[in-house]
Structure formats: C-alpha cells, structure tokens
Amino acid sequence: MKAVLTIAGSDSSGGAGIQADMKTIAAHQLFAESVITALTAQNTLGVKGVLDVDPAFVGQQIDAVFEDIRPDAVKIGMVSSPEIVRAIADGLVRHKAQNIVVDPVMVATSGSALIADAAVDALVELLFPRATVITPNIPEAEVLAGMAIATREDVERAADLIAARCRAAAETDPSFEAAESRPAATADELGVPAIMIKGGHGVGDPDAADDFLLMAHGERVWLHGPRIDNDNTHGTGCSLSSAIACGLAQGFAVDVAVRQAKAYVAGALADGLNLGKGSGPLNHMWAYGPVPC
C-alpha cells in the first residue's frame, strides 16, 4: 500500500486541514500519515483560535514518519510561521522527500487569516522550489504574484510570475538540490513546480470553475469544469491538494493526478452534504455510495 504524508494544521470541526487530508487519502485507498503544524479551534462559522506547534517538534514528527513508514508523496497545507516552514524544508531535504504538493493556505473558507506575512516569503523561498505541484487559489495567487487577477489572461500571467519567483529562489539557495525532490526535472525546470491556480473564486464565465495548470516544462493547460451550486466548500482546497498527492504517490503524471483530483472534489461537492451552520464540509467518501440515514 502506498503512503501519503500530510503536513498541516488540525481542524477541530473535521472539515479541513489534517482531518480532510486523511479522509481524502483514505478515500483513495492509501495509507495516511500526519505531521501537525498547528492546532485550530474552528468550525464551519470561523476560526476561534490557533496554537502553533513548536518548530522543533514539527521536525521530530517528520523524522518519526520517514524513519519508519516512508511516504510516497507529501502534501503541505497550513504553515503559519517562517520558523515552521524552515523546519519542514529542513526535514524534507534531510529525508530526500519526493512528490511534494504545497497548498499555500492563507485564509480559511470562513475568511480567517491562517498565515503570517513573513511565512509567505518563506514558503516561496524554501518550499515552492522543492515542490512538484503548488495549488494556490486566485486570492492566494494574487498575493504570490503581486498583481490583481480579473481575467483568464491575468491568471496565466500570475502563474508565470510565481514560476519566476520559484526559479529565482532556487538559484539563490545554496542548499537547493531539485534533483532530490523531482529526479526527472530538466535543467530548465529546476526549482519550478507545476502551478495549478484554482478557479473556484471565479474569473470569466460565472457558470464555470476552470482551473489553470502551468506545467514545470512550460505547457499551459486549462482544466474546464462546471461550477457546482453548493455553498458548503469547507476544506475543498485541502482535499484537492491531498488528492493530487495521492495521484503522484500512485505514479500518475502531474497532469493526470491533477485531473483526477479535480474530478474527485467535483464529486464531493456534487454529493451535497449539508452539515453545520456555516460553509459546511464535503462528503469525502462520496464515491462509496449514499450516506446512510
């Protein structure tokens, strides 16, 4: 059985974060492992509090996982401080981790901030160049690219700017060895992950949820899909990135893993689970049949 490690924050409501990741991994019939970066007190209405885990203990968790059941892929979600980013990067380098998916979680579905500004730069400098795929949504891509996004052309331009930041970060980091995390990368791709800008926040057609994928080698792909009428979207980003990691762990190419993950999340949204007083969670096990009454 393939194993997938999620490095992320805990969501006490069970809809996002580590809990959503592990449900997604289990739904793909893979073995889920976890490293917790923060404890959050949250529900479908919002985040009530955040308690960061000591960076040294984050590193200990990573060592414990890799020294025993080595993961075939790693998903990284909520990382709220630059010190924790550094601990994760050091751990992944130490253990030569491969198939890394980074979801740059900045704001919860409820609107609560989940990351310090300094941690954003640390993500770009230390984790993005080592990733196979990164999955910002449109507001996150705006922050990372330093530009507003209003059109499909803006989306593509933002992806180019993010790729340039990744390449520059890799070039200035003497410890960076991209071949360890992506051994198939060419010289032109070193330090540049595939960049999937998620279209759930919408540009262009209001009835579409089209995502843009800029591959590491430069291919540009629009992934088309209908917008699903469901306000219960808590944990969709976490679930998508975890599903991509599952595909990579199983040996699928990046574009295939991304397409399969998009279909998985679309199915979970279409299932129509309705829990909580706010933006509710997904039914991660939708593919296994109707929820029992």
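Below, the structure is looked at part by part. Not measured: the values here are computed from a predicted model.

When helices and strands are counted, the protein chain shows nine helices and nine strands. Buried residues in the protein chain amount to 56% of all 293 residues. Partitioning the contacts of the protein chain with sequence separation of at least 6, the portion at a separation of at least 24 is 70%. Summing over all exposed atoms, the protein chain offers an accessible surface of approximately 12,300 Å²; the carbon and sulfur share of this is 55%.

Moving on: the environment of Leu39. Checked against the element boundaries, Leu39 lands in strand 2 (residues 31-43). When sequence neighbours within four positions are dropped, the list of residues in contact with Leu39 reads Ser10, Gly49, Val50 and Leu51.

The next subject is the sheet that holds strand 7 (residues 194-197). If you trace the nine strands from one edge of the open sheet to the other, you get 3-2-1-4-5-6-7-8-9, paired in mixed fashion. The sheet is open, and its two edges are formed by strand 3 (46-52) and strand 9 (220-223), each paired on a single side. Across four bridges, strand 8 (residues 211-214) lies against strand 9 in antiparallel orientation. Directly across from Leu214, in strand 9, lies its bridge partner Arg220.

Looking now at the environment of Pro139. Here Pro139 lies in helix 5 (residues 138-145). In sequence terms Pro139 and Lys198 are 59 residues apart; their C-alpha atoms lie 9.6 Å from each other.

What follows concerns the side chain of Gln61. Considering the arrangement of structural elements, one finds Gln61 in helix 2 (residues 55-66). The class of Gln61 is buried, set by a relative accessible area of 14%. A distance of 2.9 Å separates the side chain of Gln61 from the backbone nitrogen of Ile36, its partner in a polar contact. In this view, Gln61 contacts Ser34, Val35, Ile36 and Val53; residues no more than four positions away in its chain are not counted.

Moving on, we get to the pattern of salt bridges. With the rule as written, the count across this model stands at nine salt bridges. Residue Arg220 pairs with Glu156 through a salt bridge whose shortest N-O separation is 2.9 Å. Placement of Arg220 in strand 9 and of Glu156 in helix 6 (residues 152-172) is noted, with a sequence separation of 64 residues between them. Note on Arg220: relative accessible area 40%, which makes it partly exposed. Between Asp211 and Lys262 there is a salt bridge, and its shortest N-O distance comes to 2.7 Å. Of this pair, Asp211 sits in strand 8 while Lys262 sits in helix 9 (residues 254-271), placing them 51 residues apart in sequence. Per residue, the accessibility class of Asp211 equals that of Lys262, and both read buried. By sharing partners, the salt bridges in this structure join Glu156, Asp160 and Arg220 into a single network.

Now for the nonpolar core. One finds Ile7, Val74, Ile76, Ile88, Leu92, Val102 and Leu127 to be the most contacted residues of the largest nonpolar core, which totals 50 residues. For this core, the leading source of residues is helix 4 (residues 117-127), giving seven residues. In contact with Ile88, not counting residues within four places along its chain, are Ile7, Thr37, Val58, Ile62, Ile76, Val79 and Leu127. Membership of the second largest hydrophobic core comes to 30 residues, among which are Ala27, Leu223, Ala261 and Ala268.

Parameters at a glance
- Residues numbered from 1 in each chain as written.
- Predicted model: local features only at pLDDT ≥ 70, side-chain atom pairs only at ≥ 80, totals over all residues.
- Heavy atoms only, no water.
- Helix = DSSP H or I, 4+ residues; strand = E, 2+ residues; numbered from the N terminus.
- Buried < 20%, exposed > 50% of the residue type's maximum accessible area, 1.4 Å probe, protein only.
- Contact = heavy atoms within 4.5 Å.
- Areas by Shrake-Rupley, 256 points an atom, 1.4 Å probe, with all protein chains shown as cover.
- Pairing = 2+ DSSP bridges.
- Polar contact = N/O pair within 3.5 Å; in protein donor to acceptor, adjacent residues only side chain to side chain.
- Salt bridge = Lys/Arg side-chain N within 4 Å of Asp/Glu carboxyl O.
- Core = buried A, V, L, I, M, F, W, Y, C linked by side-chain atoms within 4.5 Å.

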